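# Architecture at a glance
Below are the chains, spelled out letter by letter.
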Amino acid sequence: MERLERSGRCLRAALARGRVRRRLPVLLLAIAVLGSALKDSDLVPDTPLQNKRNPLNVYFVKLAWAWTLWLLLPFIALTTYELARGKFLYGRTKSALLVLRRLGALLVGTAVWYLCTGLFIYVENLTGECSLQGRPGQPPRIYASKRECLQDSGVWNGFDISGHCFLLSYCAMMILEEVAVLEVLPTDRGSKLRVVVDVLFVSLCFLTVIWVFMFLCTALYFHDFSQKLLGVLIGLSAWYGTYRFWYPKPFSPGLPLPNIPLSSKKYSYSR
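The rules we used
Residues numbered from 1 in each chain as written. Predicted model: local features only at pLDDT ≥ 70, side-chain atom pairs only at ≥ 80, totals over all residues. Heavy atoms only, no water. Helix = DSSP H or I, 4+ residues; strand = E, 2+ residues; numbered from the N terminus. Contact = heavy atoms within 4.5 Å. Polar contact = N/O pair within 3.5 Å; in protein donor to acceptor, adjacent residues only side chain to side chain. Phe/Tyr/Trp six-rings, centres within 6.5 Å; stacked < 30°, edge-to-face > 60°. Lys NZ or Arg CZ within 6 Å of the ring centre and 35° of its normal. Salt bridge = Lys/Arg side-chain N within 4 Å of Asp/Glu carboxyl O. Buried < 20%, exposed > 50% of the residue type's maximum accessible area, 1.4 Å probe, protein only. Patch = residues over 30% accessible without salt bridge, like charges linked within 9 Å, V, L, I, M, F, W, Y side chains within 5 Å. Areas by Shrake-Rupley, 256 points an atom, 1.4 Å probe, with all protein chains shown as cover. Expected span 1.5 Å × (residues − 1). Bend = angle between axes of the 7 residues up to and from the residue. Disulfide = S-S within 2.5 Å. UniProt positions renumbered as here; feature names shortened; annotations may be inferred.

Turning to the environment of serine 162, a few remarks are in order. One can find serine 162 in the loop between β2 (155-157) and α7 (163-178). Beyond its immediate chain neighbours, meaning those up to four positions away, serine 162 contacts Phe120, Thr218, His223, Gln227, Lys228 and Gly231. Reaching out from serine 162, the side chain makes a polar contact with the backbone nitrogen of cysteine 165 at a distance of 3.0 Å.

Given below as structure tokens:
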């Protein structure tokens, strides 16, 4: 438990106080640009990570939103309730309502993920065409979608916006925004709540490292530069549009640090 607390303190100093959160968008854009340059220059060595069936891609990236959702859900609920009860002296009812409001951020994130994924599929179907090996005697066929093409063992050539770059950048930024609450969370050292929050926090930090690492692998091995750049720009725009533009407003899920003025020196978003 003591080792867990030490790990939590070290990670909190690095992540929850805003330094990494302010620099990560620029880092992700730099990775997309430099990774694409290395890929186009054939300077990237062959590794198992270029195989789409590698374990990190199959068991983590393919389920990126599920991992992010199910770790953030208890983290947001516990930290919001404790913050409301401990720092702002809210009653149980008002604290519970605040928790429900803050969990709305996960509903918004799910909607962003669903709509953007659908948009990417639509764009790829709209801009693509199917390439099939010659089949004597078979009349030509027009394929309306990538799925139909693949069902006939064809290759679909369309503009494939990088869903990995979009989702990994959005998930990483969302996690960093939510863990900012630990800067002011009043939990007793050694309490059961502190242990649970530390476990969730360390897990979220570990997950963020995986997302950034797999973002790097995507930049090095997959997609064209324009597809990756557009993917990460959409991911960062979704983060900025929610946490920096919409959530500070009254009719929204709100920010992880409620009722703290944007001009406050304690408020990590303004730093």
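Next comes the rest of the description.
Time to look at the packing of aromatic side chains. One pass over the full model with this rule turns up eight aromatic pairs. Ring geometry for tryptophan 239 and tyrosine 240: centres 6.0 Å apart, planes at 80°, overall edge-to-face. These aromatic residues form a ring-pair network of at least three members: Trp65, Phe120, Phe166 and Tyr170. The ring of phenylalanine 245 is capped by lysine 249, whose NZ or CZ atom sits 4.8 Å from the centre of that ring.

To continue, consider the pattern of salt bridges. Evaluated as defined, the whole model comprises five salt bridges. A salt bridge links arginine 21 to glutamate 177; the nearest nitrogen and oxygen atoms lie 3.6 Å apart. One end of the pair, arginine 21, is in helix α2 (residues 19-40); the other, glutamate 177, is in helix α7, and 156 residues separate them in sequence. Residue arginine 21 is classed as buried on the basis of its relative accessible area, which comes to 1%.

Our focus in this paragraph is the side chain of glutamine 227. Relative to the helices and strands, glutamine 227 is located in helix α9 (residues 225-246). Engagement of the side chain of glutamine 227 in a polar contact is seen with the side chain of histidine 223, the distance being 3.2 Å. Glutamine 227 has contacts with Gly158, Phe159, Asp160, Ile161 and Ser162, leaving out every residue within four places of it along the chain.

Here we take up a nonpolar patch on the surface. A surface patch of nonpolar side chains, about 260 Å² in accessible area, is lined by Val33, Leu34 and Phe225. Along the chain, phenylalanine 225 falls in helix α9.

Let's shift gears to α2. For α2, built from 22 residues, the straight-helix expectation of 32 Å at 1.5 Å per residue is met to within 8% by its first-to-last C-alpha distance of 32 Å. Within α2, the axis deviates most sharply at proline 25, by approximately 30°. Turning to α2, its buried residues are Arg21, Leu24, Pro25, Leu28, Ile31, Ala32, Gly35 and Ser36.

With that settled, the discussion passes to the environment of glutamate 129. In this fold, glutamate 129 is placed in strand β1 (residues 129-131). Separated by 17 residues in the primary sequence, glutamate 129 and lysine 146 have C-alpha atoms spaced 8.0 Å apart. Setting aside anything within four residues of it in sequence, one finds glutamate 129 in contact with Val155, Trp156 and Asn157.

Here we take up the state of the cysteines. Within this structure, the stated rule accounts for one disulfide. The disulfide partner of cysteine 130 is cysteine 149, and the gap between their sulfur atoms is 2.0 Å. One disulfide, between cysteine 130 and cysteine 149, carries an S-S torsion of 75° and so falls in the right-handed class. Pair noted here: cysteine 130 is in strand β1 and cysteine 149 is in helix α6 (residues 146-151), with a separation of 19 residues, a long-range link. Given a relative accessible area of 21%, cysteine 130 falls into the partly exposed group. Of the residues examined, cysteine 149 reaches a relative accessible area of 0% and is grouped as buried.

Glancing now at the UniProt feature "transmembrane region" (unreviewed entry) in the protein. Listed under "transmembrane region" (unreviewed entry) in the UniProt record, and renumbered for this structure, are residues 63-83, 103-123, 199-222 and 229-247. Secondary structure content for residues 63-83 is 95% helix and 0% strand, while the C-alpha to C-alpha distance between its ends is 30 Å.

Further remarks concern unusual backbone geometry. In this model, aspartate 42 sits at a positive phi of 55°, which is unusual for a non-glycine residue. Relative to the assigned elements, aspartate 42 resides in the loop between α2 and α3 (55-59). Judged by its relative accessible area of 69%, aspartate 42 falls in the exposed class. Even without a glycine there, the phi angle at histidine 223 is positive, about 65°. Mapped onto the elements of the fold, histidine 223 is located in the loop between α8 (192-221) and α9. Of the residues examined, histidine 223 reaches a relative accessible area of 21% and is grouped as partly exposed.

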